[in-house]
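Structure assessment
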Amino acid sequence: MNVKKIETKNLIKIAAVVFALFLCIHYWAGVANIFKAAFAAVLPLIIGTVIAYPLNILMSFFERHLLSKSDNKFIVRTRRGLSLALAFVALISVLTLIIALVVPQLTKCVKMLIDLIPGFLDAIVDKLDGLEFVPQDLIATLSKIDWQSKISGIISTVTSGVGSVMNVVVSTVSSVVSGVTTAVLAIIFAVYVLLSKDKLASQLKTLMKHYLPEKITQKINYVASVANDSFHKFIVAQCTEALILGLLCTIGMFILRLPYAAMIGAVTVVTAFIPVVGALLGGAIGAFLILMESPVKALIFLVFIILLQQIEGDLIYPKVVGNSMGLPSIWVLAAVTVGGGMFGVLGMLLSVPAASTIYRLVKNDVKLKDEAALKKELAESQQDETPEQQPQ
């Protein structure tokens, strides 16, 4: 009787799942809209959780090193809030410094590039004039064009003409308002998560204890612990390495008297977060900016950045990052390639710690199975030897 009841319950569950799948497939457009609306509703919470993770590293640092030894009652009561405030101040200060170093110089470079374009086009026309197969009437027409006024007219049209279109203005304003609202909600949620992280962790453990088997709970905690360790080490190591690389780039450019030292150093700090190709990307951007001012200095910068890249790869990265990720170099390259191909820059950033987590989980599982097999072989060998060692 019990067997029939169990079979009936299972059949009902299977039928319900199949019917739900049929509805999803048959009414996919409506289901997709529901999923989109649900994702848009929870997007601020997802972004807030993502923001909370690196902020928690900074907040924990301040809690351990700056405020942990204080006996002041006010600090004891507000230690977590003060640590969170210091974490926000530190993060905003770094972002403000990078923007202050990059934006003015980048604006100057763009203006310089716009000023150089007319001369570059005139030089192309002169080169075409020396070619026999180019019609002379085309050369005469191109020579009469005032490239400076044409470029100024294009810029004026882009900046003023597009801005006068009402639909574009409304769309831009609505997008900005939506983005700002999402960002504010995400930051508020991140603050709540960080201030009550111990309580949330306790509630999550209670739910898992009551609704999941003990073995599954242990596996989830183990995987979460390995993933947290991998992502934590990656963030700390990449921040340290990026800061060192940016400082060395800036100091070296000042010594070599190359232009845009502070800006290119700040760009190098940002691009260095991308594993493997980040420093090369920053070097390419810097070389292009310097090339507009002096080709010789651009060549000097390329030689310098290549040497710096070698030092970074042979000394800085192994010492700072080292084997903290526990991932061989070939798998780092594979993870960056696959992650970048599938999800772009975000995939390149997250692929290394994700691959490190999978690698460590598989490695630990293989090690446990080998140890279990070895223990089993030792036990069997001891059982085989025991009868022979017994006295007759």
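Here's a quick rundown of the structure. On a predicted model such as this, the values are computed, not experimentally measured, just so you know.

So, about the packing of aromatic side chains. Scanning the entire structure with this criterion turns up 1 aromatic pair. Between the aromatic rings of Phe-61 and Phe-62, the centroid separation amounts to 5.7 Å while the plane-to-plane angle is 70°, which identifies the pairing as edge-to-face. Residue class for Phe-61 comes out partly exposed when judged on its relative accessible area of 39%. Taking the relative accessible area as the measure of exposure, Phe-62 reaches 11% and is therefore buried.

Turning next to the nonpolar core. Cys-249, Met-253, Tyr-260, Met-263, Ile-264, Ile-290 and Phe-301 are the most contacted members of the largest nonpolar core, which has 26 residues in total. When residues of this core are traced back to their parent elements, those giving at least two are α4 (79-129), α9 (214-255), α10 (261-271), α11 (278-291) and α12 (295-320). If you tally residues by element for this core, the top one is α10, at 6 residues. What Tyr-260 contacts, discounting residues up to four positions off in sequence, is Gln-105, Cys-109, Met-112, Met-253, Leu-289, Ile-290 and Glu-293.

Attention now goes to the pattern of salt bridges. Under the criterion given, the structure shown has 5 salt bridges. The salt bridge partner of Arg-80 is Glu-63, with a shortest N-O separation of 3.2 Å. With a gap of 17 residues between them, Arg-80 in helix α4 and Glu-63 in helix α2 (residues 28-65) connect regions that are remote in the sequence. Judged by its relative accessible area of 22%, Arg-80 is partly exposed. Take Glu-63: its relative accessible area is 15%, and that puts it in the buried class. Where Lys-233 meets Asp-229, a salt bridge forms, and the shortest distance between an N and an O atom there is 3.3 Å. With Lys-233 and Asp-229 both in helix α9 and 4 residues apart, the pair spans about one turn of that helix. The exposure class of Lys-233 is partly exposed, given its relative accessible area of 32%. One connected set of salt bridges, linked through shared partners, spans Glu-63, Arg-80 and Asp-198.

Turning our attention to unusual backbone geometry. You will see that Arg-257, though not glycine, has its phi angle at about 60°, which is positive. Along the polypeptide, Arg-257 turns up in the loop between α9 and α10. Unusually for a residue other than glycine, Tyr-260 sits at a positive phi of about 60°. Relative to the helices and strands, Tyr-260 is located in the loop between α9 and α10.

Thresholds, definitions, all that
- Residues numbered from 1 in each chain as written.
- Predicted model: local features only at pLDDT ≥ 70, side-chain atom pairs only at ≥ 80, totals over all residues.
- Heavy atoms only, no water.
- Phe/Tyr/Trp six-rings, centres within 6.5 Å; stacked < 30°, edge-to-face > 60°.
- Buried < 20%, exposed > 50% of the residue type's maximum accessible area, 1.4 Å probe, protein only.
- Core = buried A, V, L, I, M, F, W, Y, C linked by side-chain atoms within 4.5 Å.
- Helix = DSSP H or I, 4+ residues; strand = E, 2+ residues; numbered from the N terminus.
- Contact = heavy atoms within 4.5 Å.
- Salt bridge = Lys/Arg side-chain N within 4 Å of Asp/Glu carboxyl O.

Limitation: the analysis is restricted to geometry and does not speak to function.
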